[in-house]
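What follows is the residue order along each chain.
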Amino acid sequence: MRVTLQGIGKSYPTQGGGTFVALENVSLEIREGEFLALIGVSGCGKSTLLELIAGLQTPTAGTIAFDGIPHVGPHPRVSVVFQEDSTFPWKTVAGNIGFGLEMRGADPKARARRVEAMIDLVGLRGFEDRYPHQLSGGMRQRVAIGRTLVLDPAILLMDEPFGALDEQTRFLLGEELLRIWRESGATVVFVTHSLHEAVQLADRIAVIAPRPGRIVRIIDNDLSRPRRESHEAERYGAMIEELRVLLGLEGNREQTRA
Amino acid sequence: MTRIRLLSIVALFALWEVLSLYLGEDYLPGPWLTAQVIADGIARGWLTRATWITLGEVAPAFAIAAVAGLFFGAVLGLSRLWGEIMEPLILGVYAVPKVTLYPIFLLVFKVGAASKIAFGMFHGVFPVQIIAQAAVAHIRPVYLKVARSLSLTPAQTVLHVVIPALVPALVVGLRLAFSLTFIGVILAEIFASRGGLGFLLSAADQTFDVKRVNAVIVVLAVIGVGVNLLFNLAERRVAPVRNEERQATLAA
Amino acid sequence: MSRRERNLVLARVAIVVVAVGILELLARLGTFGPTLSVPPSVMLQTLMASLADGTLVPDVVRTAIEIGLAYAIALAIGLPLGVVLWRSRPLAIAVEPYLLAYYVIPLFAFYPLFIKIFGGGIAPIVAIGVINGIGAIAMNVLVGLREIPRVQLAVARSLMLGQTQTLLHVVVPATIPQAFVGIRLGFIYSLIGVIAAEFILATAGVGYRIAYDYNNFESRSMFATILLVLIASIAANQALISIERRLQRHRRA
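A short tour of the structure in this document, coming up. (Residues numbered from 1 in each chain as written. Chains lettered and ligands numbered in written order. Predicted model: local features only at pLDDT ≥ 70, side-chain atom pairs only at ≥ 80, totals over all residues. Heavy atoms only, no water.)

## Some words on the pairing of strand E6 (residues 78–81) of chain A
Residues and elements named next belong to chain A.
And step 1. Burial of E6 is two-sided: the residues Val 78 and Val 80 facing one way and the residues Ser 79 and Val 81 facing the other way are all buried.
And step 2. Across four bridges, E6 lies against strand E7 (residues 155–159) in parallel orientation. Paired with Ser 79 across the two strands is Leu 156, which belongs to E7. (Buried < 20%, exposed > 50% of the residue type's maximum accessible area, 1.4 Å probe, protein only. Helix = DSSP H or I, 4+ residues; strand = E, 2+ residues; numbered from the N terminus. Pairing = 2+ DSSP bridges.)

The structure is reproduced here in structure tokens:
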């Protein structure tokens, strides 16, 4: 499924009576089946943009269309994975993964079959009867990913899904996400503030600048997969450098921003 | 761990025994004598009768306290404004020695079961209300986002997301509510009544029957601790969280 | 104070004023029958009068002394108890179930026992206040100490602070916000314990006066004394809460 953002704006009234412009005039075409990364510094509005596509917030300007049809509110074929742990502590791994299907009234047998398949896909075989508190953070994110993927979404929105995880887990889950993405054929929109994560994963990287949030550049990433810094060191480095400059992280300013 | 806990129970009884030997059985009957008095109370029925009277008052008081507390807690938790306005007022009332208001209950409901049930309810309703309000107000936003992104209906959201998310806090609230309802009923019985464990306690105290006083204290402790343990079991069942997180409820 | 906070306070005051006003009106109309229809204004007048002519003063003084003593002793036992339980794991394992079960037993049931041990006078009342307060103090100190982030203690070790330095500059400041919850609750619980014990058991004190007036159908002076207890306990709680807020101010993450 294709997503078209046309002149999207989002502003909030502030306490003092003014307006805070989170996003201004964002237009973007998300292609069917692509892996798109939204990258930007903290507070640039990238998560807001994701929540607008998810229908969790409503834009104050512009339209969002799925396959050319304008839509307001959550779309049944769009699923979200959040940064914070969103697994339900009162349900087992299998229960969590099957939650969406259960709510949509899927036939119990078919549901059980799809949950089984999903447990394999996200690599949680053997843990299906555990509760989230018995799992590591990375495994909980696998559960959250499984819970959204099992609904067979056309669009998978991910809001820094690996943000709370350590570097290694993050890299491994990224590689698995790529495998899952290829197998499922879904369109993935992935919010991150990690340069390496964006370069590792995405077909295209949309760079968002803050205050007001806007897209300043879309970079096509044609590095061959699997991507490693060692494979095409020069082009990999150049792309990281380009992102660094676009994000205003070069030279001394890096320190002032950090 | 279990060994230390068993030892601590032994130590408690040993302390009781030593204290009773030191003060004399006429002042503080020891464990064995108390057990005999309790057995007599069960055999001749005076203790069982009083226990049933008390529990018969505690049960409806607790039920009303639970329902009313959950209802007002949910209402004030959902409305941020009213929640913020009312919270300090409710916490203020919570800090009052409520037993001093018991005469008002007596004047309204007269001596009898009704005044004790009403007072027990009043004594126990606050923790449920306060905890339910906090739980509803602070339910993790990401759960609601999941519900919305899955396009759940409001009924599904409440039934399958909100209520399960609240259950652990509510069990804690109900546990505290039971204890306070129970204590409220006992206080009321001590002050003015013709039956129940509280009445037995004050009657035995006035006739210097220390053996009976001790027997009643033990029964009160067994009921209080027993029901508390049941709630703890329920907590473990509904809220499989790690021990450190449970710590927080220790202070509640 | 922001405008919003000021409005919230105004709303609360308005609610209390309206509630008291309605009570006043209904009482003046005699809605609740002759004994219960005491208007708040009459309660206040009666209270002022009995404070002015000194009839209530000895009881107030006695109760204040009891609460003060009970609270001081509860702190003197509860604070170190929390620390000891933190330092000794086996002791904590042994005692924790009792702490959890602490407030589920009507503690004033031990009053007859306390009379045996401490004799008459204020001692048994104070004892009830003490045991009522200790639990909350010890538990919150324990929880506060346990919640000190490990890394803060590691910092102390890496700076090679001595035991006293670690205690004074790391442990105490890290624990104070949670410990103060216990220090506040300890006061409230001591107060509740003392007044409740007076009410059901004693022969003097503010709590006793309420019970006495009830038994002698002196509903005016009974309501006046209840009003005093309400005002005093709510004011004490409010004062302690505002200190607690100040202590927790830099913690809001």
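## Description of empty space enclosed by the protein
And step 1. With the rule as written, the count across this model stands at four cavities of 30 Å³ or more.
And step 2. In this structure, the largest cavity occupies an estimated 80 Å³ of space.
And step 3. Around the largest cavity, the lining comprises 13 residues; the ones closest to its centre are Val80(A), Arg147(A), Thr148(A), Val146(B) and Ser149(B).
And step 4. Every element with two or more residues in the lining of the largest cavity is listed here: E6 and helix H5 (137–149) of chain A together with helix H7 (141–149) of chain B.
And step 5. Among the elements that take part in the lining of the largest cavity, E6(A) stands out by supplying four residues, more than any other.
And step 6. Grouping the constituent residues of the lining of the largest cavity by class yields eight nonpolar, four polar and one charged.
And step 7. Its volume calculated, the second largest cavity comes out at about 60 Å³.
And step 8. Val122(A), Arg142(A), Ile145(A), Phe162(A), Leu173(A), Glu176(A), Leu177(A) and Ile180(A) are the residues that line the second largest cavity.
And step 9. Those elements that place two or more of their residues in the lining of the second largest cavity are H5 and helix H6 (167–184) of chain A.
And step 10. Broken down by element, the lining of the second largest cavity gets its largest block of residues, four residues, from H6(A).
And step 11. Here the lining of the second largest cavity is composed, by residue class, of six nonpolar, no polar and two charged. (1 Å grid on protein atoms, 1.4 Å probe; cavity = no way out; pocket = protein on both sides within 12 Å on 5 of 7 lines; lining within 4 Å. Points joined across faces, edges and corners; volume = space filled by probe spheres on them. Nonpolar A, V, L, I, M, F, W, Y, C, P; charged D, E, K, R; others polar.)

## Overview of the interface of chain A and chain B
And step 1. With 24 residues of chain A in contact, the opposing surface of chain B contributes 18 residues.
And step 2. A per-residue breakdown of the area chain A buries against chain B is headed by Trp90(A), Met103(A) and His133(A), which together make up 31% of the total.
And step 3. At the boundary of chain A and chain B, one finds two salt bridges.
And step 4. In this structure, the salt-bridge partner of Lys145(B) is Glu51(A), at a minimum N-O distance of 2.6 Å.
And step 5. On the surface where chain A and chain B come into contact, there are four residue pairs in polar contact (both at pLDDT 80 or more).
And step 6. Mapped by element, the contributors of at least two residues to the side of chain A that touches chain B are E6 and helix H3 (99–103) of chain A.
And step 7. Counting residues per element, the side of chain A that touches chain B draws most heavily on H3(A), at four residues.
And step 8. Class assignment of the residues belonging to the side of chain A that touches chain B gives a composition of twelve nonpolar, six polar and six charged. (Contact = heavy atoms within 4.5 Å. Buried area = accessible area lost by both parts, 1.4 Å probe. Salt bridge = Lys/Arg side-chain N within 4 Å of Asp/Glu carboxyl O. Polar contact = N/O pair within 3.5 Å; in protein donor to acceptor, adjacent residues only side chain to side chain.)

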